[in-house]
Each structure stands twice: as C-alpha cells, then as structure tokens.
Amino acid sequence: MATVDLPLARPVPRSYGKVREWITTTDHKRIALLYLFTTFIFFGIGGLMALLIRTQLAEPNNNLLSASQFDQLFTMHGTTMIFLFVIPVWSAFGNFMVPLMIGAKDMAFPRINAFAFWLVPLGGLVMYSGFFFGGSAAAGWTGYVPLTEKLYSPQVGQDLWILGLHILGISSVMGAVNFLVTIHRLRAPGMTWFRLPLFVWSMEVTSALVLLASPFLAAGLALVLLDRQLGTNFFNPAHGGNVILYQLIFWFYSHPAVYIMVIPGFGVISEVLPVFTRKPIFGYRAMAVSMAAIGVLGFMVFAHHMFTVGLPLPVQIFFMATTMVIAVPTGVKIFNWLGTLWGGSIRFTTAMLFSVGFVLMFLIGGLDGVFLSSLGIDYELNGTYWVVAHIHYVLVGGSLFAVFAALYYWWPKIFGRFLSERLGKWHFWLLLLGFNLTFMPMHFLGVLGMPRRIATYPTGRGWAALNLTSTIGSFIIALAILMFVYNVVLSLHGPKTATNDPWEGNSLEWYATSPPPPHNFDDLPPVESNRPLRDWRLAGHATNPPGTVLP
Amino acid sequence: MRRIGAHPGGKLVFAASLSGLAALGLGMAPVLAANTNFLNAGGPPARTIDMLFYVFLAISIVILVGVGGAILFACFRFRRRSDDEMPRQVHENRRLERAWTIGPAVLLFALFILNVVNVGYLRFGPSSVSAAGRAPVLIQVTGQQFYWTFTYSNGKSALRTMEIPVNVPVDLSTNSKDVIHGFWVPALGAKIDALPGITNHAFIEASQKGTFQGQCYEFCGVGHDQMLITVKVVSMAQYQSYLSKL
C-alpha cells in the first residue's frame, strides 16, 4: 500500500473568525463549496429572469414587460446561465473531486485557485451593475455587432457586460491551467491515463477547450470595447469595418463553450452509471477518446451558427460536414451508456434517475440539433424557437440534469450527510415533467415560424397555446427547484450519517472520509485498474465501518 | 427498494398523459394550418426544405424510439433484484462499438449528400437553363430599425408589404441601413441576413396566390418584434400594374 506524506499542518489563526477563514481559504474543497454556493445563487437569479420572460410570453400582445425590459432580461438570463452558472458550476465539482479522484492533497496552485474563484462573483456584479446605471446589456448573450456599438446600445451596461465577461474569462483560464497541471502532475502512483476516472478525463478535455478558446472571446469583446470607447472602426461598415468578423471570432469561442458546458456532464454520467449498475463503463477507452474527439472537432464546427449570414456556399457545406461528423462521437457516447445499462444490476437512486434522464434528454437534444446541421432545414429554423428548444435540451436536459446527478451522488462525500431520496425523486420527476412541458412545445413554435428574442407576438399564428403550455412548464420547473432547495435545507440540518463509501463507489474519493479532512488522505489504496476502490473492496478490505447499512 | 411503476397512481398518471397527448393532437390541427408554418409550403423552395425536414424527422423518430426505447427497456429489465446480485463485468464489445460508429456515420453521410444536391438550388434559385422563359424578378430588401423597405426594378419602393408575381423566381438582394436584420417568410423559403455594408442574395418563389406572413428573425433592438413582413402573391399582370401605380 502506498503512503503519502502529510504536509505540516498550517494552523489558521483563531482570531480570524469564520468569515475571514472562508475568504482567505485556499483549500480546494472549500473553494469548491464557494463555487457551488455562488453559482447556485446565480442560477436562482437566472431562473427568476426566465420566469419573467415566460410570463411575458404566456399570451399574445402582452405588455407586462416593456420591450426594453424584456431584451435586458433575455440577455442577462442567457449570460447568467452560461457564464455564471453552467461553466463555473463545473469548477465546483472539478475542484472538489479532481484532487480526490486522482489521490492528490489539493489542486496544483491553491492560491490561483482562490483568485480564480473570487473573480466569478466580481464578474457577475460588474455585469449586473448595469441595471443600476441606465439598463444592462440588451443585445442578447451573443452580443452581435453593430447592435452592441455605442450608436445602437449607448448604455454603460453594455460596457460593463464586456468587462464582466473579461473578468470571467480570466477566471476560466486560470482555473483551466490549474486543472491541467493538477491532472498532469499530481496523479497517484499507478494512475495512468487509461486508469483515470472519466470525470477527470472530462475536466482535462474541458480545461484544454477553455484554455484554447477563451482568448478568442476576450479578443472579440476587446475590439467591441475599443469601437465603443475609443472610436475605432473594427465593426463599422461605413469605415471599412466588417460585421461578420465579430461573429466568426465569437463563435470560435462560443461553439467550444457548448462543449465546455456539457463535457463535464458526460464525465459525471460516466461515473454514476457504473456505480449503480455494478458494471464497468462500457468501452472505457472509446469514452475517453470520444470526449477528446469532440473537443478537437468542437473547434471545427463554429460557422454552423452562421448558415444564414451569407457565407460562400463551399464554406457552408464544409461546416455542415464537420457538424454532422461531430454527431458520430456523440452517438458513440450514448450507445456506450446504453451498453453500460444493458445487463446491469440497476439501482434507481436519485443520482441514477438524473443520469438516465440526462441520457434520454441529451438524445433528444442531439437529434434536434442534427436538423440544424442541415443547410436546407437551417434556412428555415435558424433563429427560431427550434434553436431555443435545442440549446435547452442540451444545456438543461443535458448539463443541468448532470449537475443534479453530481449533487445527489457526491453530496454525502461533500457534506457527510445525505439528501433525502424521497424528496429527490419528487425533484427529479417534477423537473422532468416541467422541463419537457417547457421546451418540447418550442420545437413546434420554431416550425410554426416564431423567431426567438421577440418581446411579444401577434394572435392568429397558432403560437398562443404552445407558449402558454411552455409558461406553465416553466413554473413546474420552479416548483422542482424549490423542492431541491427544501431538500438541501433539511439535509444541512440533518445528522451526519454518511460513511466513506455509501454507494460502493469505484474511484478514490470514496476512500476518504465524508467529508474528507483538509489533507484528503492519510494513505491510498493501490491503483491497478480504472476502478481502484472496487479492487480494494474485492481484495477484502472494508471501505465502511462494520455493520454499516447502506442507504 | 421500491419499484418504479408499482405505484398505485401509475395508471392514473398514464391515463392522464395519454389524454393530454390526445388533447395536444386535437389542439395542434388548426395550429398546423398557420400561415407562418413552413410545412405549409407556398412554393418550390419551401417544398424542397419540407422534403428535407420530413426525411430528418422520420429518421429522428426511428432513432428516438429505438435508442430511447432500448434505454427505457434496460431500465425496467435490468433492475437490481437482490443486494448480492453481481452482473457479468462486460468491459467492451469491439464489434458492437465499431457498428455504432460506422452505422451513424454512413447515415449522416447520406443526409449530407441529400443536402448538398439541394442546397445550390435553395441558395441561388433555378439554374438559367431550367428557368427558360421565367427570368427572375429582382427586388431589393432593405432592413432598418424597425421596418422593411422593398425596392423594385423600376426604382419605386414600398414599406412593410412586398408584392411578387406567382410562379416566377424572385431574386432578393438584402441590405441593412443600421444593425443586422433577418428576412424570413417561412412558407416561401427564404431566410437571409440583411447586413450593413454587405449585400446578400436569396431566392424565393410562390406557386400559389395569396398573402404570406413573415418577420425579422435576427434580434435588432427594442422594435424587433414589430418588424413584420407581408408578401402578396399576385398574377404577373397584377404585379405589373402594381409596379406602375407605385
């Protein structure tokens, strides 16, 4: 058995108090909790914005919100959910779990880690402060020029939006470097690349994408800022500027960003399914390689967001081809998850329900995306509610379901307590119902010709009933989320009953205590396969105290 | 452990969802007749897109039912029955994995080819040979916050409503005076950005007279939802007299 030297404990001066302790912490687990708390606050804010948007759209010719308010809300809803929730929430799980899963004591750069975190609330506050200075950004999360030029968006909120995104970009890049170095340098003895847990693989691929793609967003936004503040003409056609240039730069970041948001979810699902089927992940190598393939191909599909911009036809055909190619490794993942379920001994904990829900919803989100890869069909569906349906099937049915799977699965490890399985099941079924009620009708709305981002719509187009259905669904989602919040509150007031290895896990985090001590491990079991903890149990070692009744 | 589906309310939920689906089906009937539904094609380009859409839809439904059904089947069939149960540890199956890599790739390649053979027509209209005797009508479309201007070949223009002759390809050249807009009339099959500083081309054609609705699809500011488009399809003679009276 390998042993790991303990670092000399660095005592925290007692006079600092609890708040100061949290502010100055460099412990990866505490930083993870800060990420988790902060991103869920932003999730709540983004969700309230979504409810306002849906209420405005519940009926035709509604004027609950003015067009200007509506535009600010959908812009900040998208920006919040993408940049302040889904992207950083994976840093929460990555921070907590990557060091534990590879048998390390902490992340490679603990202080950079803390700095990267504190930039997240700062970036959010900078962006939101626009609301108090004449209105936030209101040009959509894509911020296309020339709408974001000073002439058309004079409010300082648009500048604050750019600065906020710059701050968040710096945070992402620092986090990515930290993950990459941690994964490359701090793996336990014996943990080769093909023994690495798939969640760690997913953080490796995601971090590489963040590192390579984020600078493009920063550059594109910097050019907009220069146009706005210093009067340059990068995007001003009257002086030879080009408005398509921005879209090319923007999507060169933002398409990989879609994978940045969903690949860690692939990782989570690939951890949860084997544990609750008592089977190895089907095709481990194919899973790891397909994630990497999606990461590489993710850089080659970006112009499929621009099929109606008027790019030369051969360029469009190239991007249609690459987009269809990326469906292949994505399909491999879905089939391999099916292969993992097949012949297993399946136990439906809440984490497992969310994982199966993820696979099914992601399947729909993959299929409706293939429609958009077709040039001909995209000439009708581009910019419609079909696209809104697609992104939400990928990012809610995909990423959000995976976030909840991760929460129910790792909650006992993180807090030493369980979430109620009973409430968790309510949470799952309500969310599944509300989610499909909200977003399935949007496919029909797209076919019926409803463009996205319109503040209201006329009668007589057949959109009213579908929109009302969607609005009702969004409130069911809200109810499901309230159920979750109630579950969290109950759990945090409940007893600490979680043992080290409550689910009979495969990976090293289940070897540590729940919650783990500051230095994570006193010793480590040997790593001789990609399921080291299962090997350890089968070798006759107990991972839970004798007499433990598993939940 | 409780079994899913063993809940006494299960039948009720099943009945409720079935009647919900039926209601949705009935409710959809008038909706599908909507003027802005691109599946109610008003001309040849939209019909071509509809064909593509139905092909994709059929394949998607087969895959959804097949793969989704297999996942649900596995969930019911392979539930854990006792805590001591240990399933066979299958790590991989190379043949199966090769099949579900190559199979979708072949299918997608076919869909790719189906698009490639149609896309030139959708973008540029009928080639000059097949369009003998049907010289396209040229109309310039200009977007600005928050209305559309349509300028005809005689230099006259009209706002918000465009008239086109039936059974004649219409070559649109789009442009914007300020931000990016998007011209779209679903039933006639054109969707193209109107960009400042760059002129784009698209083609529409109607094979029946009537009025078709559309609107701006690229977010352009607070009046985005008001940038409606009406296209009146009339006979060539009516079109000529419309132009002379402008």
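Since this is a predicted model, take the numbers as computed values, not measurements.

A description of the overall build of chain B should follow, citing residues and the corresponding values.
When its secondary structure is counted, chain B shows 4 helices and 10 strands. Starting at the N terminus, the α and β elements of chain B follow one another as α-α-α-β-β-β-β-β-β-β-β-β-β-α. The proportion of buried residues among the 246 residues of chain B is 31%. Partitioning the intrachain contacts of chain B with sequence separation of at least 6 by distance along the chain shows that 69% fall at a separation of at least 24.

For the overall build of chain A, give the residues involved together with the corresponding values.
Looking only at helices and strands, chain A has 15 helices and 0 strands in total. Since a compact globule built from 551 residues should have a radius of gyration of about 24 Å, the 23 Å found for chain A is in line with a globular shape. Each of the three principal axes of chain A carries a C-alpha extent, and together these read 70 × 50 × 45 Å. In chain A, the proportion of contacts linking residues at least 24 apart, taken out of those at least 6 apart, comes to 82%.

Break down unusual backbone geometry for me, citing the residues and quoting the values.
Across the junction of serine 514 of chain A and proline 515 of chain A, the peptide omega takes the value -10 degrees, indicating a cis bond. Looking at where proline 515 of chain A falls in the secondary structure, it is placed in the loop between helix H14 (464-493) and helix H15 (532-538). Put simply, glutamine 145 of chain B and phenylalanine 146 of chain B share a cis peptide bond, and its omega is 0 degrees. Tracing the sequence through the fold places phenylalanine 146 of chain B in the loop between strand S1 (137-144) and strand S2 (147-151). You will see that glutamate 504 of chain A, though not glycine, has its phi angle at about 60 degrees, which is positive.

So what about the packing of helix H2 (residues 28-56) of chain A against helix H3 (residues 67-101) of chain A? Which residues, and what values?
Residues and elements named next belong to chain A. Close contact between H2 and H3 brings their axes to 7 Å; oriented N to C, the two are set at 155 degrees. In terms of their interaxial angle, H2 and H3 are classed as roughly antiparallel. For the element pair H2 and H3, the recorded crossing hand is left-handed. Partitioning the contact of H2 with H3 into residue classes produces 23 nonpolar, 8 polar and 1 charged.

Outline the sheet that holds strand S4 (residues 161-165) of chain B, listing residues and values.
All names here are of chain B. Read across the sheet, 3 strands follow the order S4-S10-S9 without closing on themselves; strand pairing throughout is mixed. With one partner strand each, in any of the chains shown, S4 and strand S9 (210-215) form the two edges of the open sheet. Each neighbouring strand pair of the sheet contributes to a mean axis angle of 25 degrees, computed without reference to strand direction. Pairing of S9 with strand S10 (residues 228-234) involves 6 bridges; the strand directions are antiparallel.

Talk me through the interface of chain A and chain B; I want residue IDs and the actual numbers.
Across the boundary between the two partners, chain A contributes 69 residues, which contact 75 residues of chain B. Those elements giving two or more residues to the side of chain A that touches chain B turn out to be H3, helix H8 (284-297), helix H9 (313-341), helix H10 (350-373) and helix H11 (375-381) of chain A. Grouping the amino acids of the side of chain A that touches chain B by side-chain chemistry returns 45 nonpolar, 17 polar and 7 charged.

Describe the pairing of strand S5 (residues 170-176) of chain B, naming the residues involved and giving the relevant values.
Residues and elements named next belong to chain B. A one-sided burial pattern is seen for S5, the buried positions being Val170, Leu172, Thr174 and Ser176 and the unburied ones Asp171, Ser173 and Asn175. Two elements, S1 and S5, share 7 bridges in a ladder whose sense is parallel. Looking at S5, one finds that valine 137 is bridged to valine 170. Two strands pair when backbone bridges link them, and S5 and strand S8 (residues 200-204) are joined in this way by 5 bridges, in the antiparallel orientation. Among the inter-strand pairings, aspartate 171 is bridged to a residue of S8, identified as phenylalanine 203.

Explain helix H2 (residues 44-77) of chain B to me, and be specific about the residues and the numbers.
When the terminal C-alpha atoms of H2 of chain B are compared, their 48 Å separation across 34 residues agrees well with the 50 Å that a helix rising 1.5 Å per residue should span. Of all the residues in H2 of chain B, the buried ones are Pro44, Pro45, Ala46, Ile49, Asp50, Leu52, Phe53, Phe56, Val67 and Ala74 of chain B. Contacts made by the buried residues of H2 of chain B are with H9, H10 and H11 of chain A together with helix H3 (94-124) and S8 of chain B.

If you had to explain the nonpolar core to someone new, which residues and values would you point to?
Of all hydrophobic cores here, the largest spans 241 residues; its most connected members are Ile269, Val272 and Ala405 of chain A together with Ala190 of chain B. Once residues within four sequence positions are removed from consideration, alanine 405 of chain A is found in contact with Val268, Ile269, Val272, Ala351, Phe354, Ser355 and Phe358 of chain A.

Pulling in residues and values, what's your account of the environment of asparagine 236 of chain A?
Residues and elements named next belong to chain A. Locating asparagine 236 in the fold gives a position in the loop between helix H6 (198-230) and helix H7 (243-277). Taking the C-alpha atoms as reference points, asparagine 236 and valine 387, separated by 151 residues in sequence, lie 28 Å from one another. Ignoring any residue separated from it by four or fewer positions in sequence, one finds asparagine 236 in contact with Asp227 and Gly241.

How would you summarise the pairing of S2 of chain B if you had to cite specific residues and measurements?
Residue and element names in this part refer to chain B. Residues Trp148 and Phe150 of S2 are buried on one face, while the alternating residues Tyr147, Thr149 and Thr151, pointing to the opposite face, are not. Sheet topology places S1 next to S2; 5 bridges connect them, and they run antiparallel. Its bridge partner being in S2, glutamine 140 is matched across the sheet by threonine 151. The antiparallel hairpin formed by S1 and S2 contains 2 residues in its connecting segment. Pairing of S2 with strand S3 (residues 157-159), which is carried by 3 bridges, proceeds in the antiparallel orientation. Looking at S3, one finds that phenylalanine 150 is bridged to alanine 158.

Which residues make up the confidence of the model for chain B, and what are the values?
All names here are of chain B. Confidence in the prediction of chain B, expressed as mean pLDDT, is 88, and 85% of residues score 70 or more. Between residues 1-8, whose pLDDT stays under 50, and residues either more than four places distant or in other chains, the model counts 4 contacts. As a predicted assembly, this complex carries a pTM of 0.93 together with an ipTM value of 0.92.

What counts, and at which threshold
- Residues numbered from 1 in each chain as written.
- Chains lettered and ligands numbered in written order.
- Predicted model: local features only at pLDDT ≥ 70, side-chain atom pairs only at ≥ 80, totals over all residues.
- Helix = DSSP H or I, 4+ residues; strand = E, 2+ residues; numbered from the N terminus.
- Buried ≥ 20, exposed ≤ 12 C-beta atoms within 10 Å, placed from the backbone.
- Contact = placed C-beta atoms within 7 Å.
- Rg over C-alpha atoms; globule rule 2.2 N^0.38 Å.
- Axes fitted to C-alpha atoms, helices over the stretch in contact; angles between N-to-C directions.
- Parallel < 35°, antiparallel > 145°, perpendicular 65-115°, else oblique.
- Left-handed = near helix turned anticlockwise from the far one by under 90°.
- Nonpolar A, V, L, I, M, F, W, Y, C, P; charged D, E, K, R; others polar.
- Pairing = 2+ DSSP bridges.
- Expected span 1.5 Å × (residues − 1).
- Core = buried A, V, L, I, M, F, W, Y, C linked by C-beta atoms within 7 Å.
- pLDDT = per-residue confidence, 0-100.

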